[in-house]
Amino acid sequence: MNWKKTYEAMYVAPSRIVGQGLYAGTSIKAKAKIGEFEGEQVSIREARRRAKTKEVIAIVECGLYALDATDSKRGFRFINHSCDPNTFTRVTDTRAEFYALRDIRKGEELTVDYEESHHNGQLPCQCGAKNCRGKI
Ligand SMILES: [Zn+2]
């Protein structure tokens, strides 16, 4: 399936992990592209300044600049962290693309491992995975 259709089919709903989550509106095959992180283009320096002043952080750093999706009403800013995720990102100089790590069922919550997030390992993780690292 065209990834844009997969992207358009995603929806936001209450999460079992925390707050709102992002869900697959269609089944997705392993390794298929799901979509791209959408946000305001800002410099990496500006992104790090913003990250210090916000409680909810929805910023991704690419190679050349950062994308701030804090004001976005849809898309990957709603994806929750899991230590056992079903998606992964491929970051280029200008984009952050999301791909399925395994087959994903329609209605499944999408998760990603935040790895190097702006939280720097200070937040308790609530993902519930067997291999949970305990902190984000
Ligand atoms: Zn965890």
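Residues numbered from 1 in each chain as written. Predicted model: local features only at pLDDT ≥ 70, side-chain atom pairs only at ≥ 80, totals over all residues. Heavy atoms only, no water.

Naming follows an unreviewed UniProt entry, where the chain appears as SET domain-containing protein of Usitatibacter rugosus. Note on the chain: under the UniProt heading Subcellular location (unreviewed entry), the record states "Chromosome". (UniProt positions renumbered as here; feature names shortened; annotations may be inferred.)

Once that is clear, we can look at the sheet that holds strand 8 (residues 87–91). Taken in spatial order, the three strands make up an open sheet running 3-9-8, and their pairing is antiparallel. Pairing within the sheet leaves two strands with one partner each, and these edge strands are strand 3 (33–36) and strand 8. For this sheet, the mean inter-axis angle between neighbouring strands, taken without regard to orientation, is 25 degrees. Here strand 3 pairs with strand 9 (residues 96–100) via three bridges, running antiparallel. Residue pairing across strands places Lys33 opposite Tyr99, the latter belonging to strand 9. (Pairing = 2+ DSSP bridges. Helix = DSSP H or I, 4+ residues; strand = E, 2+ residues; numbered from the N terminus. Axes fitted to C-alpha atoms, helices over the stretch in contact; angles between N-to-C directions.)

A few words on the coordination of the zinc ion. Protein-derived ligands of the zinc ion are Cys83 (SG), Cys125 (SG), Cys127 (SG) and Cys132 (SG), with the metal-ligand distances lying across 2.3 to 2.4 Å. Relative to the metal, the four donor atoms surrounding the zinc ion lie at angles of 105 to 112 degrees, and the coordination shape comes out tetrahedral. The sequence motif formed by the donor residues of the zinc ion is C-x41-C-x1-C-x4-C. A relative accessible area of 14% means that Cys125 is categorised as buried. A relative accessible area of 14% places Cys127 in the buried class. (Donors = N, O, S within 2.8 Å, 3.2 Å for Na, K, Ca; no water. Tetrahedral: all angles 85-135°; square planar, octahedral: opposite > 155°, others 65-115°. Buried < 20%, exposed > 50% of the residue type's maximum accessible area, 1.4 Å probe, protein only.)

Right, let's get into the pairing of strand 8. Strand direction decides the pairing type here: strand 8 and strand 9, joined by five bridges, are antiparallel. If you follow Thr87 over to strand 9, its bridge partner there is Ala100. Connecting the antiparallel pair strand 8 and strand 9 is a turn made up of four residues.

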